[in-house]
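As a plain string of letters, each chain reads:
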Amino acid sequence: MGLTAGIVGLPNVGKSTLFNALTKANAFVANYPFATIDPNVGVVEVPDARVDKLVTMYNPKKTIRTTFEFTDVAGLVRGASKGEGLGNQFLSHIRNCDAICQVVRCFDDVNVSHVDGSIDPLRDIETIRIELIFADIDAIDKRLPKIEKRAQLKTDKEAVSEYAALKKCAEGLAAEQPIRALKLSDDERKIIRNFSFLTAKPMLYVCNVEDTELAEHAGNVYVKQVEDLAETEGAKTCVISAKIESELAQLPADEQAMFLEELGVKESGLLDLIRKSYDMLGLKTFFTAGDKEVRAWTYRKGMKAPECAGIIHTDFEKGFIRAEIFAFDDLIAAGSEAKAKELGKFRLEGKDYLIADGDVVHFRFNL
């Protein structure tokens, strides 16, 4: 579906190191601000144990997992919304993303400089939050004069609705509230969608800790500060060690498991990051399965069967007849499609059916 999360943060917080680990893309990393100017883009597979179980059942010739795109945006600094540190260019890269993963430095290291000279995650978060707010205010200030007269005359209903929605956003931003936290109606959110406001995007705070704290970070004061802040905003957090993840990325799968066990960690923090990034965009997964191919497909929660069929091919949506559905758990418990049908765990659904996460689907269509 072409969805992407932007990885942002101040310089030297571990963004590009994290990106390297996510995508094994070897993005340029250096210990000084603006080492990355153009955004690095990488595609990662979304971990899903259900795919492995379907592969065991169907023994397909091909397996395709669902993917997710991450964009590593250069480090932002105070004044970015006014162009400091090539800030306007960097902010435009974020605007093209569907969600934001903000890497927050939660470790002390005298060998890694901090752009503000000291470690303070709440100050760092505030710096970026204010810059994103300023950028959104600037976008609204440029738009309002263009529609103000038409809105005041009330002859153009669309202009009236747009003006009211933008004014509501402007008032919230002036009070330092991100747009995602404002109580907007569905219609108002539709009106502002095309503006791609930065503060309207869902936010995930990624706490980057020392490798020695990955297994047990309860005593990390910085992480606690970020978690408490996120709770007040209704945002999500995850804890990773970018250094450890970059080392893991260089190891084969069997050695990764041994390495994590030695650290006292059950799984890579990147798996948690990928899952939460996927989830905060309201993304779900359905499957198609057979002896030729087992494939995971990404869709947005609330999509109906014909829309999901269209993700596979537009002709499937146009000629949709019905969807043949096995719930994943029912299919695995039965052990085969034939047994699932025998047990009555097979359904035929029409055009109004809302696809559920984990549905194993065969779409019937007529061109």
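Residues numbered from 1 in each chain as written. Predicted model: local features only at pLDDT ≥ 70, side-chain atom pairs only at ≥ 80, totals over all residues. Heavy atoms only, no water.

### Observations concerning the overall build of the protein chain
Then step 1. The helix and strand inventory of the protein chain stands at 14 helices and twelve strands.
Then step 2. Counting every position in the protein chain, which comprises 367 residues, the buried fraction comes to 45%.
Then step 3. If you take every contact in the protein chain between residues at least 6 apart in sequence, the share linking residues at least 24 apart comes to 69%. (Helix = DSSP H or I, 4+ residues; strand = E, 2+ residues; numbered from the N terminus. Buried < 20%, exposed > 50% of the residue type's maximum accessible area, 1.4 Å probe, protein only. Contact = heavy atoms within 4.5 Å.)

### Section: the sheet that holds strand β7 (residues 236-240)
Then step 1. Strand order in the open sheet formed by six strands is β2-β4-β1-β5-β6-β7, and the pairing between neighbours is mixed. Pairing within the sheet leaves two strands with one partner each, and these edge strands are β2 (40-45) and β7. Here the average twist between neighbouring strands, direction ignored, is 25°.
Then step 2. Across the sheet, helix α1 (residues 15-23) is in contact with β1 (4-8), β2, β4 (67-72), β5 (99-105), β6 (203-208) and β7; its angle to β2 comes to roughly 40°.
Then step 3. Sheet strands in contact with helix α4 (residues 121-153) are β5 and β6, and its direction is about 150° off that of β5. (Pairing = 2+ DSSP bridges. Axes fitted to C-alpha atoms, helices over the stretch in contact; angles between N-to-C directions.)

### Thoughts on empty space enclosed by the protein
Then step 1. All chains considered together, the criterion is met by one cavity of 30 Å³ or more.
Then step 2. Of the volumes computed, that of the largest cavity is approximately 50 Å³.
Then step 3. Taken together, Q102, I128, R129, L132, P178, R180, T199, M203 and Y205 make up the lining of the largest cavity.
Then step 4. The greatest single-element share of the lining of the largest cavity, amounting to three residues, is contributed by α4.
Then step 5. Of the residues assigned to the lining of the largest cavity, the class counts are five nonpolar, two polar and two charged. (1 Å grid on protein atoms, 1.4 Å probe; cavity = no way out; pocket = protein on both sides within 12 Å on 5 of 7 lines; lining within 4 Å. Points joined across faces, edges and corners; volume = space filled by probe spheres on them. Nonpolar A, V, L, I, M, F, W, Y, C, P; charged D, E, K, R; others polar.)

### Comments concerning the packing of α4 against helix α7 (residues 221-233)
Then step 1. Running from N to C, α4 and α7 cross one another at 40°; their axes reach a closest spacing of 9 Å. For the element pair α4 / α7, the angle class is oblique. Across the interface between the two elements, P121, L122, I125 and R129 of α4 pack against Y222, Q225, V226, L229 and E233 of α7.
Then step 2. Each residue belonging to the contact of α4 with α7 can be placed in one class, and the counts come to six nonpolar, one polar and two charged. (Parallel < 35°, antiparallel > 145°, perpendicular 65-115°, else oblique.)

### Side note on the packing of aromatic side chains
Then step 1. Applying the stated rule across the entire model yields ten aromatic pairs.
Then step 2. Their ring planes at 15° and their centres at 6.4 Å tell us that F286 and W297 sit as a pair that is stacked. Of this pair, F286 sits in strand β8 (residues 283-289) while W297 sits in strand β9 (residues 293-300), and the two are eleven residues apart along the sequence. Note on accessibility: F286 and W297 belong to one class, buried. (Phe/Tyr/Trp six-rings, centres within 6.5 Å; stacked < 30°, edge-to-face > 60°.)

### Side note on helix α11 (residues 305-312)
Then step 1. Inspection of α11 places A305, P306, C308, A309 and G310 among the buried residues, and these make up the whole buried set.
Then step 2. Next to the buried residues of α11 lie β8, β9, α12 (314-318), β10 (320-327) and β12 (359-365).

### A word on the pairing of β5
Then step 1. Counted residue by residue, β5 has seven buried out of seven residues, so it is predominantly covered.
Then step 2. Along β5, one buried face is formed by A99, C101, V103 and R105 and the opposite face, lined by I100, Q102 and V104, is buried too.
Then step 3. Across four bridges, the pairing between β1 and β5 is parallel. Bridging from a neighbouring strand, I7 pairs with C101 of β5.
Then step 4. As paired strands, β5 and β6 are joined by six bridges and run parallel to one another. Counterpart to V104 in the pairing with β6 is C207.

### Some points on unusual backbone geometry
Then step 1. Positive phi, close to 50°, is recorded for N59, a residue that is not glycine.
Then step 2. Summarising the element assignment, N59 is placed in the loop between α2 (49-58) and β3 (62-64).
Then step 3. Residue class for N59 comes out exposed when judged on its relative accessible area of 62%.
Then step 4. Even without being a glycine, S196 presents a positive backbone phi close to 50°.
Then step 5. By the secondary structure assignment, S196 is in the loop between α6 (186-192) and β6.
Then step 6. Assessed through its relative accessible area of 27%, S196 is described here as partly exposed.

### Here's the deal with the side chain of S268
Then step 1. Relative to the helices and strands, S268 is located in the loop between α9 (253-263) and α10 (269-280).
Then step 2. S268 sits in the buried class, given a relative accessible area of 12%.
Then step 3. A distance of 2.6 Å separates polar atoms of two side chains, one belonging to S268 and the other to E245.
Then step 4. At 3.0 Å, the side chain of S268 forms a polar contact with the backbone nitrogen of L270.
Then step 5. Setting aside residues up to four positions removed in sequence, S268 forms contacts with E245, L248 and L260. (Polar contact = N/O pair within 3.5 Å; in protein donor to acceptor, adjacent residues only side chain to side chain.)

### Notes on the nonpolar core
Then step 1. Core analysis: the largest hydrophobic core is formed by 49 residues, its most contacted members being L18, L22, F68, F70, V206 and L273.
Then step 2. Among residues more than four places away in sequence, those in contact with F70 are T4, A5, I7, F19, L22, N40, V41, G42, V44, C101, I274 and S277.
Then step 3. L144, I147, C169 and I192 belong to the second largest nonpolar core, which has 15 residues in total. (Core = buried A, V, L, I, M, F, W, Y, C linked by side-chain atoms within 4.5 Å.)

### Some thoughts on the confidence of the model for the protein chain
Reading fine detail from the predicted coordinates is not recommended where pLDDT is low.
Then step 1. Residues of the protein chain with pLDDT of at least 70 account for 89%, and the chain-wide mean is 85.
Then step 2. Confidence, read as mean pLDDT per element, is least for helix α3 (residues 87-95) in the protein chain (64) and greatest for helix α13 (residues 328-334) (97).
Then step 3. Counted against residues more than four places away or in other chains, residues 25-38, with its pLDDT under 50, gives 36 contacts. (pLDDT = per-residue confidence, 0-100.)

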